[in-house]
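Topology and contacts: notes
Here is how the chains run, residue by residue.
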Amino acid sequence: MSDESISAAPQRPETHSRDVSLPSGATLSLRWAGMTDPGRKRENNQDAFLTSYPMFIVADGMGGHIGGEIASQSVVNRLTALAESGEVQPHGIDEALALAVADIADHPETTDEGTGTTLTGIYLDTDEDVPSIVALNVGDSRVYLQRGDQLMQVTTDHSLVQELVAAGRLSEEEAETHPYSNVITRAVGPTEQVSPDYVRIDIQPGDRYVICSDGLTKELTDYGILHFLHERADPGDAATGMMAAALENGGRDNVSIVIVDVIAFDAAA
């Protein structure tokens with residue numbers, strides 16, 4: 001093994017855990033890990049991620065020079081402040097994104113070369129009688145849920161090829177190799193305010209969430225993602241395995257992965 005391949009091996013991220021007593025009387029145990037890598041082809045990393053209970057986010061920036069870094073980090077910074085406040089709801093997310101849009105527009109190094117970022121992730125909603133996980137997304141970064149032996153894509157890509165698939169003009173297989181597969185139809189950027197799509201999910205013990213940029217899904221199939229989830233119980237180990245596979249398969253883009261596990265949930269506490 002060469003020195004270059006040794007240095008390029010992804011470093012395992014730290015796994016964090018938290019036991020929570022919810023206002024409803026339920027108890028919940030979560031475990032998570034997150035990591036990002038510039039990949040094998042890009043000089044800089046325009047991805048950013050957030051793992052701050054009760055919110056877990058991946059943002060994939062785009063734009064000339066460092067525009068993508070500015071956009072993704074602006075979104076993560078504003079959502080970090082929201083997560084730390086403990087009051088995560090759609091109206092608060094919209095307000096945080098409006099502030100991020102202003103931050104992007106005001107940044108001295110923002111360019112007009114399509115600067116913006118995707119946004120996807122989950123948060124824990126404890127305001128309802130029955131707590132739930134809420135997934136959100138803008139763009140083509142994704143949230144997957146492993147429940148039992150099945151892996152489900154929770155979010156729907158905001159992309160040109162997804163619109164063509166929905167219209168019956170492309171198959172899923174054709175979409176994977178379409179020349180416009182990287183064209184997204186919604187993003188958080190300096191020109192307009194967008195609101196994410198939201199999907200509410202019931203909480204079940206054993207659920208595992210994978211939040212990722214398309215740098216992972218370009219290199220690893222859903223089957224491959226499920227393989228590492230089955231083989232590696234610790235989220236830090238599973239994320240490291242997925243990252244190593246994505247880099248070995250080409251690493252054509254920045255890669256970001258956050259894995260969140262529901263270790264235990266007692267709704268009737």
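Residues numbered from 1 in each chain as written. Predicted model: local features only at pLDDT ≥ 70, side-chain atom pairs only at ≥ 80, totals over all residues. Heavy atoms only, no water.

1. Some details on helix α8 (residues 235–248)
The periodicity of an α-helix, 3.6 residues per turn, causes residues three or four positions apart to be oriented the same way. This is how it is decided: Counting from the N terminus, the helices are DSSP H or I runs at least four residues long and the strands are E runs at least two residues long. By this rule the span expected of a helix is its residue count minus one, scaled by 1.5 Å. Exposure categories follow from relative accessible area, calculated using a 1.4 Å probe and restricted to protein chains: below 20% of the type maximum is buried, above 50% is exposed, and the middle band is partly exposed.
Along its 14 residues, α8 runs 20 Å from first to last C-alpha, staying within 8% of the 20 Å computed at 1.5 Å per residue. Of all 14 residues that make up α8, 11 are buried, and the element is covered over most of its length. Those residues of α8 lying buried are P235, G236, A238, A239, T240, G241, M242, M243, A245, A246 and L247. One or two residues past the end of α8 sits G250, with phi positive at roughly 140°.

2. A closer look at the environment of P90
Rules: By the convention used here, residues are in contact when the closest approach between their heavy atoms is within 4.5 Å.
Relative to the assigned elements, P90 resides in helix α3 (residues 90–106). For P90, a relative accessible area of 27% corresponds to the partly exposed category. For the pair P90 and D197, spaced 107 residues apart in sequence, the C-alpha separation works out to 9.6 Å. Those residues within four positions of P90 in sequence are excluded, and the remaining contacts are Y123 and Y198.

3. Things to note about the confidence of the model for the protein chain
The condition is simple: pLDDT expresses, on a scale from 0 to 100, how confident the predictor is about each individual residue.
Residue-level pLDDT values for the protein chain average 89, and 86% of them are 70 or greater. Of the regions scoring below 50 in pLDDT, residues 1–7 engages in one contact with residues more than four places distant in sequence or in other chains.

4. Brief notes about helix α7 (residues 222–231)
Within α7, the full set of buried residues consists of G224, I225, L226, F228 and L229. Close packing links the buried residues of α7 with β8 (142–147), β9 (150–153), β11 (208–212), α6 (214–217), α8 and β12 (255–266).

5. A short note on the nonpolar core
To be explicit about the condition: We call a set of buried residues a nonpolar core when its members are Ala, Val, Leu, Ile, Met, Phe, Trp, Tyr or Cys and they connect through side-chain atoms within 4.5 Å of each other.
Among the nonpolar cores identified, the biggest contains 24 residues, and L22, L28, I122, Y209, I211 and V260 are the most heavily contacted of them. The biggest single contributor to this core is β12, with four residues. Apart from the residues lying within four places of it in its own chain, the contact partners of L28 are R18, D19, V20, L22, L124, I203, V262, A264 and F265.

6. Remarks on the side chain of T120
Going by this rule: We define a polar contact as two N or O atoms separated by no more than 3.5 Å, with the added condition that, inside protein, one atom must be a possible hydrogen donor and the other a possible acceptor, whereas residues neighbouring each other in sequence contribute only through side-chain atom pairs.
With respect to the element layout, T120 can be found in strand β6 (residues 119–125). At a separation of 3.0 Å, a polar atom in the side chain of T120 contacts the main-chain carbonyl oxygen of L136.

7. Comments concerning the pattern of salt bridges
Applied cut-off: Put simply, a salt bridge is a Lys or Arg side-chain nitrogen that is within 4 Å of an Asp or Glu carboxyl oxygen.
What the rule picks out here adds up to 14 salt bridges. Among the ionic pairs, R208 bridges to D261, the shortest N-O distance being 2.8 Å. Taken together, the positions of R208 in strand β11 and D261 in strand β12 put the pair 53 residues apart, joining distant regions of the chain. You'll find R208 and D261 in the same group, each marked buried. Taking the shortest distance from any N to any O, the salt bridge between D214 and K218 comes out at 3.8 Å.

8. Focus: unusual backbone geometry
Comment: phi is negative for the bulk of residues other than glycine, and the bulk of peptide bonds are trans. Between Y53 and P54 the backbone carries a cis peptide bond, its omega angle lying at 10°. Note on placement: P54 falls in the loop between β3 (47–52) and β4 (55–62).

9. Describing the sheet that holds strand β2 (residues 27–37)
Definition in use: By the convention used here, strands pair only if DSSP detects at least 2 bridges between them. Whenever a helix is involved, its axis is fitted only over the stretch in contact; in every case the axis is a line through C-alpha atoms, and angles between N-to-C directions fall within 0 to 180 degrees.
Spatial ordering of the open sheet is given by β1-β2-β12-β11-β8-β9, a layout of six strands whose pairing is antiparallel. Because the sheet does not close on itself, it has two edges, and the strands there are β1 (16–21) and β9. Between one strand axis and the next, the sheet turns by 20° as a mean value, whatever way the strands run.

10. Side note on the pairing of β3
With six bridges joining them, β3 and β4 adopt antiparallel strand pairing. When the sheet's bridge partners are listed, F49 is paired in β4 with V58. Hairpin connection, β3 to β4: the antiparallel pair is bridged by two residues.

11. Some thoughts on the packing of α7 against α8
As a reminder, the rule being used: By definition, any crossing whose near helix is turned counterclockwise from its far helix by less than a right angle is left-handed, and any crossing with a clockwise turn is right-handed. All residues other than Ala, Val, Leu, Ile, Met, Phe, Trp, Tyr, Cys, Pro, Asp, Glu, Lys and Arg, Gly among them, are scored as polar; the first ten of these are nonpolar and the last four charged.
α8 packs onto α7 with a crossing angle of 145° between their chain directions and a minimal axis gap of 9 Å. Considering how the two elements wind past one another, α7 and α8 form a crossing that is right-handed. Mapping the contact onto sequence places I225, F228 and L229 in α7 and A238, G241, M242 and A245 in α8. Partitioning the contact of α7 with α8 into residue classes produces six nonpolar, one polar and no charged.

12. Quick word on the packing of helix α2 (residues 67–85) against α3
Two numbers describe how α2 lies on α3: the axes approach to 8 Å, and their chain directions differ by 145°. The interaxial crossing formed by α2 with α3 has right-handed handedness. Taking contact as the criterion, the partners of I70, A71, S74, V75, R78, L79 and L82 in α2 are, on α3, G92, I93, A96, L97, L99, A100, D103 and I104. Here the contact of α2 with α3 is composed, by residue class, of 11 nonpolar, two polar and two charged.

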